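Residues per chain are reported as follows:
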Amino acid sequence: MMIVGNVLAAVVALIHVYIAVLEMFLWTRPQGRKAFNLTPEFAAQTRVLGLNQGLYNGFLAAGLFWGLLGGGFGPLVFFLVCVAVAGVVGALTASRRIIYIQTVPAVLALIPVLLAH
């Protein structure tokens, strides 16, 4: 069961690496604007905000990788819960689809991690 949880947690970490890249480096480019439904003008005006959001998503990914690569059960559970909560907040404040991008994968990873412990 732990292998399934670890694989799913790795997928969640990779999702957050991708989100971090979109927000930090591609915010004003066509890929970033499309992902976040931004006009070129709004993307240019909020570039620093995208960079900041991306940094936080990068920290979530780093924490998940830390849990997977030696931090163990505690950090892995902590960062999966952080991702799930961030997804709920994002769904309530920005876009409902965030719950499917962040919360659902995090919860799906968290279940086998908790069951294996």
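A few points on the structure. Here the structure is a predicted model, which is why all the values come from computation and not from measurement.

Criteria and cut-off values
- Residues numbered from 1 in each chain as written.
- Predicted model: local features only at pLDDT ≥ 70, side-chain atom pairs only at ≥ 80, totals over all residues.
- Heavy atoms only, no water.
- Axes fitted to C-alpha atoms, helices over the stretch in contact; angles between N-to-C directions.
- Helix = DSSP H or I, 4+ residues; strand = E, 2+ residues; numbered from the N terminus.
- Parallel < 35°, antiparallel > 145°, perpendicular 65-115°, else oblique.
- Left-handed = near helix turned anticlockwise from the far one by under 90°.
- Contact = heavy atoms within 4.5 Å.
- Core = buried A, V, L, I, M, F, W, Y, C linked by side-chain atoms within 4.5 Å.
- Buried < 20%, exposed > 50% of the residue type's maximum accessible area, 1.4 Å probe, protein only.
- Patch = residues over 30% accessible without salt bridge, like charges linked within 9 Å, V, L, I, M, F, W, Y side chains within 5 Å.
- Areas by Shrake-Rupley, 256 points an atom, 1.4 Å probe, with all protein chains shown as cover.
- Salt bridge = Lys/Arg side-chain N within 4 Å of Asp/Glu carboxyl O.

Some points on the packing of helix H1 (residues 2-25) against helix H6 (residues 98-116)
Thought 1: Close contact between H1 and H6 brings their axes to 8 Å; oriented N to C, the two are set at 155°. In terms of orientation, H1 lies roughly antiparallel with respect to H6. Our pair here, H1 against H6, has a crossing hand that is left-handed. Contacts from Met2, Val4, Gly5, Leu8, Ala9, Val12, Ile15, His16 and Ile19 in H1 reach Ile101, Gln102, Pro105, Ala106, Leu108, Ala109, Pro112, Val113 and Ala116 in H6.

A closer look at the nonpolar core
Thought 1: Membership of the largest hydrophobic core comes to 15 residues, with the highest contact counts inside it found for Val12, Leu64, Leu76, Leu80 and Val83.
Thought 2: Only H1, helix H4 (47-71), helix H5 (73-93) and H6 provide two or more residues apiece to this core.
Thought 3: Discounting chain neighbours no more than four positions away, the residues touching Leu80 are Ala9, Val12, Leu64, Ala106, Ala109, Leu110 and Val113.

Focus: a nonpolar patch on the surface
Thought 1: Residues Met1, Val4, Leu8, Tyr100, Ile101, Val104, Val107, Leu108, Ile111 and Leu115 make up a contiguous nonpolar surface patch of roughly 930 Å² in combined accessible area.
Thought 2: Broken down by secondary-structure element, the contributors of at least two residues to the nonpolar patch are H1 and H6.
Thought 3: With respect to the helices and strands, Ile101 occurs in helix H6.
Thought 4: You can call Ile101 partly exposed: its relative accessible area is 35%.

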